[in-house]
Amino acid sequence: MSTTAADEHHPSGIMRWVTTTNHKDIGTLYLWFSFIMFFIGGIMALIIRTELFQPGIQFVDPQFFNSMTTMHAIIMIFGVVMPAFTGLANWLIPMMIGGTDMALPRMNNWSFWILPFAFTMMLSTLFMDGGGPAGGWTLYPPLSLQTGDALPFVIFSIHFMGMSSIMGAINVVATILNMRAPGMTLMKMPLFVWTWLITAYLLIAVMPVLAGGVTMLLTDKFFGTSFFNAAGGGDPVLFQHIFWFFGHPEVYILILPSFGVVSSIIPTFARKPLFGYSSMVYATASIAFLSFIVWAHHMFTVGMPLAGELFFMFATMLIAVPTGVKVFNWICTMWRGAMTFETPMLFSIAFIILFTIGGFSGLMLAITPADFQYHDTYFVVAHFHYVLVPGSIFAIIAAVYYWLPKWTGHMYSEFWGKTHFWLSTIFVNVTFFPMHFVGLAGMPRRIPDYALQFSDYNQIATIGAFGFGFSQLIFLGLVIATIRGGATATDRVWEDAHGLEWTLSSPPPYHSFTTPPNVEDEWNWFTREHYETVKTRS
Amino acid sequence: MKSSSNISALKLCFFAVAMFGFGYALVPLYDVLCDITGLNGKSDNVTQQQQANFEVDESRTITVEFITTLNQGMSWDFEPETTKMQVHPGKSYQASFFVKNKTNRSIVGQAIPSVAPFSAANHFIKTECFCFNNQLLEAGQSLEMPVVFVINPALPKHVKTVTLSYTYFDVSNTVNKSINNIDNT
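Residues numbered from 1 in each chain as written. Chains lettered and ligands numbered in written order. Predicted model: local features only at pLDDT ≥ 70, side-chain atom pairs only at ≥ 80, totals over all residues. Heavy atoms only, no water.

Enquirer: Mind showing me how you'd approach the overall build of chain A here?
Expert: Regarding its fold elements, chain A presents 18 helices and zero strands. Taking 538 residues into account, the globule formula puts the C-alpha radius of gyration at 24 Å, and chain A, at 23 Å, falls close to it. Considered along the principal axes of its C-alpha atoms, chain A spans approximately 65 × 50 × 45 Å. Here chain A, with 538 residues, has 63% of them falling under the buried criterion. (Helix = DSSP H or I, 4+ residues; strand = E, 2+ residues; numbered from the N terminus. Rg over C-alpha atoms; globule rule 2.2 N^0.38 Å. Buried < 20%, exposed > 50% of the residue type's maximum accessible area, 1.4 Å probe, protein only.)

Enquirer: I keep staring at the overall build of chain B and nothing clicks. Help me out?
Expert: From N to C terminus, chain B includes four helices and nine strands. When the helices and strands of chain B are placed in sequence order, the string is α-α-β-β-β-β-β-α-β-β-β-β-α. Here chain B, with 185 residues, has 42% of them falling under the buried criterion. Of all intrachain contacts in chain B linking residues separated by at least 6 positions in sequence, the fraction that spans at least 24 positions is 77%. Accessible surface for chain B amounts to roughly 9,700 Å². Of this, 55% is attributable to carbon and sulfur atoms. (Contact = heavy atoms within 4.5 Å. Areas by Shrake-Rupley, 256 points an atom, 1.4 Å probe, with all protein chains shown as cover.)

Enquirer: How should I be thinking about the sheet that holds strand E9 (residues 161–170) of chain B in this particular structure?
Expert: Strand pairing in a sheet relies on backbone hydrogen bonds. The paired strands run either parallel or antiparallel. All names here are of chain B. One open sheet accounts for five strands, arranged E3-E1-E9-E5-E7; its pairing is mixed. Strands at the two margins of the open sheet, each flanked by one partner only, are strand E3 (84–87) and strand E7 (134–137). Strand-to-strand twist across the sheet, computed as the mean angle between neighbouring axes with direction ignored, equals 30°. With eight bridges connecting them, strand E1 (residues 62–70) and E9 associate as parallel partners. What sits directly across from Thr68, in E9, is Tyr166. (Pairing = 2+ DSSP bridges. Axes fitted to C-alpha atoms, helices over the stretch in contact; angles between N-to-C directions.)

Enquirer: Is there a simple way to think about the confidence of the model for chain B in this case?
Expert: Parts of the prediction with low pLDDT should not have their coordinates interpreted in detail. Residues and elements named next belong to chain B. Here chain B averages 80 in pLDDT, and 83% of its residues register 70 or above. Averaged pLDDT values over the elements of chain B bottom out at 56 in helix H2 (residues 48–52) and peak at 90 in E3. Across residues 178–185 the pLDDT falls below 50, and counting only partners more than four positions away or on other chains, this stretch makes 22 contacts in the model. Quick note on the complex model: pTM equals 0.88, ipTM equals 0.85. (pLDDT = per-residue confidence, 0-100.)

Enquirer: What's the story with the sheet that holds strand E8 (residues 142–151) of chain B in this structure? I'm lost.
Expert: Residues and elements named next belong to chain B. Across the sheet, which stays open at both edges, the four strands sit in the order E2-E4-E8-E6 with antiparallel pairing between neighbours. In this open sheet, the two edge strands, each paired with only one partner strand, are strand E2 (76–80) and strand E6 (124–128). Averaged over all neighbouring strand pairs, the angle between strand axes comes to 30°, with direction disregarded. In the sheet, E6 pairs with E8 via four bridges, with the strands oriented antiparallel. Within the sheet, the bridge partner assigned to Glu128 lies in E8 and is Val148.

Enquirer: Help me out: how do you make sense of the pairing of strand E4 (residues 92–101) of chain B in this one?
Expert: Regular strands place side chains that alternate from one sheet face to the opposite one. Residue and element names in this part refer to chain B. In the sheet, E2 pairs with E4 via five bridges, with the strands oriented antiparallel. Directly across from Phe78, in E4, lies its bridge partner Val99. Pairing of E4 with E8, which is carried by nine bridges, proceeds in the antiparallel orientation. Bridge pairing links Ser92 to Val150 in E8.

Enquirer: Looking at this model, I keep getting lost on the environment of Ser157 of chain A. Mind explaining?
Expert: All names here are of chain A. Along the polypeptide, Ser157 turns up in helix H5 (residues 150–178). Under the relative-accessibility criterion, Ser157 is labelled buried at 0%. In this structure, the C-alpha to C-alpha distance between Ser157 and Phe292, residues 135 residues apart in sequence, is 25 Å. Setting aside its immediate chain neighbours within four residues, Ser157 contacts Ala118, Met121 and Met122. Among the polar contacts listed, one links the side chain of Ser157 to the backbone oxygen of Val154, at a separation of 2.9 Å. (Polar contact = N/O pair within 3.5 Å; in protein donor to acceptor, adjacent residues only side chain to side chain.)

Enquirer: Help me understand the interface of chain B and chain A in this model?
Expert: The parts lose accessible area when they come together, and the size of an interface is often stated as this lost area. Tallying the contact residues gives 33 residues for chain B and 37 residues for chain A. Element by element, the count of residues in the side of chain B that touches chain A is highest for helix H1 (residues 2–37) of chain B, at 18 residues. When its residues are assigned to classes, the side of chain B that touches chain A shows 21 nonpolar, ten polar and two charged. (Nonpolar A, V, L, I, M, F, W, Y, C, P; charged D, E, K, R; others polar.)

Enquirer: Could you clarify how one ought to interpret the side chain of Asn152 of chain B in this entry?
Expert: Residue and element names in this part refer to chain B. Structurally, Asn152 is set in the loop between E8 and E9. Since its relative accessible area comes to 17%, Asn152 is described here as buried. What Asn152 contacts, discounting residues up to four positions off in sequence, is Phe54, Pro89, His123 and Ile125.

Enquirer: What is the right way to look at helix H6 (residues 191–222) of chain A in this model?
Expert: Residue pairs three or four apart in sequence face the same way in an α-helix, which turns once every 3.6 residues. All names here are of chain A. Relative to the 46 Å expected for 32 residues at 1.5 Å per residue, H6 spans 46 Å between its end C-alpha atoms, a close match to the ideal helical length. Where H6 bends most, at Ile204, the angle is about 25°, and the proline Pro208 comes one to four residues later. Burial within H6 is extensive, with 29 of its 32 residues counted as buried. One or two positions beyond H6, positive phi appears at Gly224, with a value near 70°. (Expected span 1.5 Å × (residues − 1). Bend = angle between axes of the 7 residues up to and from the residue.)

Enquirer: Please explain unusual backbone geometry as it appears in this structure.
Expert: Negative phi is the rule for most residues except glycine; trans is the rule for most peptide bonds. All names here are of chain A. For the bond from Pro141 to Pro142, the omega torsion is 0°, close enough to zero to count as cis. By the element assignment, Pro142 lies in the loop between helix H4 (105–124) and H5. Cis geometry marks the peptide bond from Ser506 to Pro507; its omega dihedral reads -10°. You can see Pro507 is positioned in the loop between helix H16 (455–484) and helix H17 (519–523). With phi around 55°, Leu139 is a residue other than glycine that occupies positive phi space. Following the sequence through the fold, Leu139 ends up in the loop between H4 and H5. For Asp376, which is not glycine, the phi torsion reads 60° and is therefore positive. Tracing the sequence through the fold places Asp376 in the loop between helix H13 (368–374) and helix H14 (378–408).

Enquirer: Sorry, what's going on with the pattern of salt bridges here?
Expert: Side-chain pairs of opposite charge can arise where the charged atoms are in close proximity. Residue and element names in this part refer to chain A. For the coordinates displayed, the defined rule picks out six salt bridges over all chains. Residues Asp25 and Arg16 are paired through a salt bridge, measuring 2.6 Å at the closest nitrogen-oxygen approach. In this structure, Arg271 and Asp496 form a salt bridge, with 3.2 Å as the shortest nitrogen-oxygen distance. Of this pair, Arg271 sits in the loop between helix H8 (256–270) and helix H9 (277–290) while Asp496 sits in the loop between H16 and H17, and the two are 225 residues apart along the sequence. The class of Arg271 is buried, set by a relative accessible area of 8%. (Salt bridge = Lys/Arg side-chain N within 4 Å of Asp/Glu carboxyl O.)

Enquirer: How should H9 of chain A be read in this particular structure?
Expert: All names here are of chain A. Given a rise of 1.5 Å per residue, 14 residues ought to cover 20 Å, and the 20 Å separating the end C-alpha atoms of H9 matches this to within 8%. When we look at burial in H9, the residues that qualify are Tyr277, Met280, Val281, Ala283, Thr284, Ile287, Ala288 and Leu290. If you follow the buried residues of H9, they end up packed against H6, helix H7 (236–253), H8, helix H10 (306–318) and helix H11 (320–334).

Below you can see the structure in the form of structure tokens.
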């Protein structure tokens, strides 16, 4: 399949991007948006780490520090990880299921173009009277209701982000259910498609709940309602329940697509079919189901009845079972495989190891009596950064390295890719591992100043943060260089890459599959015979 | 294929709207759950008939403590006359609280009660209470406010001490803007 000029009758210049309804263009827009926000959120993280390099107040005032922690979280969650996954979904899902494009292309355009406006509004609050939101990304009242002029802008931008991701999710579900090529049954779909299908349902289920919760904040502040106002018979703890009813499925929204990415990459470089495909699908679905009944483990200390604490503790620990199934399946996929260690594989292996460390600290936090000690300390900060940075972010980076040659038609520089990998992996641990220790020793999160005995570990963390931040410039340079040129990539790109996207040319044509692909051929790779031939070859 | 996509999209939109509604449905659900479990110390106000059914249990003595809090630096004096009482379950008692507006302007306050521990909340019955009423105090005015309460003899055996806490909130702004919906007693 070759790309001809006649295929691409679309406006040129800026209007191409504003008016595009093409899944590849919109995927590119999402990924670049996410990349830009990654650096903006990263600068905020470095401001936080600079202030925490030494005890005492050095560089920024506490109010600004607090708005940095709040904004850093909102940007990294809603502006980086979620758009990056939506971008990957846009690029890959139609190609993986043998479709031409997304099911609802005009809504696709709309769901992207809401985002720049939402985040412009969010970032503009930093320049308003009273500063940006500074009560934490969880927006707990009554503290969040003391935000200055920024509050309605923050709430409306959260509404916009919610609308954008709900529309993106509806599009993904409609695409997967309606656009599959003949022969592409649900249980033949690549895991990235499966994990995104489940993620999309999670998004549609919980983003509206968040929208409702923040709307209640808005009416409490400006229209005299008393949802969370104790003076009017409301209850601030109710907000925490509503927030975490959204918030816990949200953390799986942030990680499930990365499970899909890693499940695509590991088999390619282990040269073996994915171990336990159907158990992977069921494990993903179980995690999604369990995510709805564990939310109160974020609020063990608000004063729940003992029965409630026990229920949420055991339900939370139960999640370790399907997650463990996944980790064991990845390890079994690599077991006795003919492994090579290209950059995407390195990031995927680091993902498995470091995400598992984050999972273990999560299990510690799930133990109710222990959580009273860990609650709101740096141990929690260490935990969720381990699952989000070397978890979600590493998976996104791995996905970019893995599919970039397909997208651009050029190979990236393996040397710089590996340099980026080693620097990132070393510095991410230098940054976040010491946080476990200061957290267990009692350093609270969200404070600009701390007791003297925490200085050493905080200095190490700050050095790591700057190292990690600047290492990402290598990634930026490498992506730009690969788009501009480099060795020509073959259609298959990787020796043992399998899936319908690899049957297209590199770069793929503007409209992915105009004739239905042969699903059986690609699927048969998942059989044992192929494994035997690879084993004899190596 | 196009129309089936649109049908999927429509169904999913409906799902999203329903979940927005569910977010709001969590509010009454939460209240119901709190009423059942006594979570957050939300205690019942009970009718006279129910109270008459209680048998006084002289063999048990419960310590009742009173705590007062002023929200967000409200400039009132607010104290219980006695901080501790020894009571028998089933018998009616009266405690009183003293409030004084120390400022030179009139302020509307509203008291919100809470009972700890949670397992006692449903068994601590206030037959007369100043809670949830908007209380106007002119500059310098002071007031004595009674609470009549009875402890249900069904109070779990392990509870030896019950704490009744009142928090006074300044609601002058809300009342003056006359957009209050807080008179829900």
